[in-house]
Amino acid sequence: MREKLCHGAWQDLDIPRREALKRLLTRVWPGDEAPDLPWFDACLEPYSVWIAQNGIALAHAAILHKTVRVGGESFLACGLSCVATDPDFRGRGLGRRVLADATWTLLEGRADFAVFTCDRELLPFYAESGWREADALVLRAGEGAAALSSEHMPDKAVLLRLMSPRARAAAAHFSHGVLTLGLPDGQFW
Ligand SMILES: CC(C)(COP(=O)(O)OP(=O)(O)OC[C@H]1O[C@@H](n2cnc3c(N)ncnc32)[C@H](O)[C@@H]1OP(=O)(O)O)[C@@H](O)C(=O)NCCC(=O)NCCS
C-alpha cells in the first residue's frame, strides 16, 4: 500500500493515530515514553506531519508554538521537534519528505518566526528544506540557570527563519544574543 502524508493538530488526533505516532517516537527515542514530552504538551499547540503506511507511522515532524518576547515585542514563535524516521525505514527519503512538508506547513502558518535546534551533523539535511544556521544566536529553554541552552550543547546548531514582516523588521534582535523560549520545565526544541 502507498505511503500517505498526514497532518493534524495533536489535540484533534484520534487514539489510533496518536498511538501510531507514539509508537514511532518511542522506537526512535526509547525511554522517552513519558506523556509530558513537548510533542504532547497542549500549551505548545503541537501539530504533527507524518507519513503512514497501513496505519503505521514511518516518519514524523512536529511543529510547536510559543509566544515569546524579543526586543520588547511579543512574537508567535514556532519550532520543529521530533523529526524522526522509523529506524527500519531510513535512507529512503521519508525524512526529507516529512521535513519538506512540515517546513511548508510552518511557513504557511501564523507564526512570526521559526527557531529550533538540530544536531549539527544534520545541518545539510535541514539545509535542503531551506533552513540556515543562526550561528551567533543562543537559544535557551527558559530563564532559570538550569534551563537547557544551545550554548551548552556543542553538538547542536540553532536554525532560524523570520517569516512575518514584523519579525523581519526586527531582524537585528535575532542576529545575535540570547533568545529565551520560556518553555515548561525540562522542555526544549
Ligand atoms: C534524521 C532522520 C529523520 C533522517 O531520516 P531519513 O528518512 O533516513 O532521511 P532521508 O532518507 O530522507 O535522507 C535525507 C538526507 O539526509 C541525510 N541524512 C540522514 N540521516 C543523517 C544523519 N544521521 N547524519 C547526516 N546525514 C543524514 C541522508 O544522507 C540524505 O542525504 P542523501 O540523499 O544525500 O544521502 C533519521 O535519521 C532519524 O530519525 N534520526 C534519529 C532522530 C533524529 O536525530 N532526529 C533529528 C533531530 S535534530
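Everything that follows concerns the structure shown earlier in this document.
The model shown is predicted, which means the values in this text are computed figures rather than measured ones.

**Student:** Got a minute to help me understand the overall build of the chain in this structure?
**Tutor:** Helix and strand counts for the chain come out as 5 helices and 9 strands. Relative to a compact globule of 189 residues, whose C-alpha radius of gyration would be 16 Å, the chain shows 16 Å and is just as compact. Counting only C-alpha atoms, the chain reaches 50 × 30 × 30 Å along its principal axes. Looking at the 189 residues of the chain, the share that counts as buried comes to 35%. Of the contacts made within the chain by residues no fewer than 6 positions apart, 73% connect residues no fewer than 24 positions apart.

**Student:** Explain the site of the ligand to me, please; I cannot follow it from the model alone.
**Tutor:** Around the ligand lies a shell of 17 residues, among which T85, R90, G95, R96 and F125 are the nearest. Elements with a contribution of two residues or more to the shell around the ligand: β4 (73-85), α2 (94-108) and β5 (113-119).

**Student:** Help me understand the nonpolar core in this model?
**Tutor:** Soluble globular proteins tend to pack their nonpolar side chains together in the buried interior. Within the largest apolar cluster, 51 residues are counted, with the highest numbers of intra-cluster contacts made by A61, I63, V98, A102, F113, V115 and L159. Going through the elements one at a time, α1 (15-28), β2 (47-53), β3 (56-70), β4, α2, β5 and β8 (156-162) are the ones with two or more residues in this core. Setting aside residues no more than four positions away along its own chain, A102 makes contact with V49, A61, I63 and L80.

**Student:** How do you make sense of the environment of P165 when you look at a structure like this?
**Tutor:** Among the secondary structure elements, P165 is positioned in helix α4 (residues 165-169). C-alpha of P165 to C-alpha of A100: the two residues are 65 residues apart in sequence and 23 Å apart in space.

**Student:** I would appreciate a short explanation of α1 in the present structure.
**Tutor:** Every α-helix winds through 3.6 residues per turn, so residues three or four apart in the chain are directed the same way. In a regular helix each residue adds 1.5 Å, so 14 residues correspond to 20 Å; α1 covers 20 Å between its end C-alpha atoms and thus fits that length. When we look at burial in α1, the residues that qualify are A20, L21, L24 and L25. The arc that holds the buried residues of α1, viewed along the axis, is 125°, so those residues lie on one side. Facing away from the buried surface of α1 by more than 90 degrees, the exposed residues are I15 and P16. Those residues of α1 that are buried lie in contact with β2, β3 and β4.

**Student:** Got a minute to help me understand the pairing of β8 in this structure?
**Tutor:** On a regular strand, each side chain points to the face opposite its neighbour's, so the side chains alternate between the two faces of the sheet. As defined by bridge partners, β5 adjoins β8 across 7 bridges and the pair is classed as antiparallel. For A114, the partnering residue across the bridge sits in β8 and is R161. Two elements, strand β6 (residues 132-133) and β8, share 2 bridges in a ladder whose sense is antiparallel. Bridge pairing in β8 links R132 to L160.

What counts and what doesn't
Residues numbered from 1 in each chain as written. Predicted model: local features only at pLDDT ≥ 70, side-chain atom pairs only at ≥ 80, totals over all residues. Helix = DSSP H or I, 4+ residues; strand = E, 2+ residues; numbered from the N terminus. Rg over C-alpha atoms; globule rule 2.2 N^0.38 Å. Buried ≥ 20, exposed ≤ 12 C-beta atoms within 10 Å, placed from the backbone. Contact = placed C-beta atoms within 7 Å. Near = placed C-beta within 6 Å. Core = buried A, V, L, I, M, F, W, Y, C linked by C-beta atoms within 7 Å. Expected span 1.5 Å × (residues − 1). Arc of directions from axis to C-beta. Pairing = 2+ DSSP bridges.

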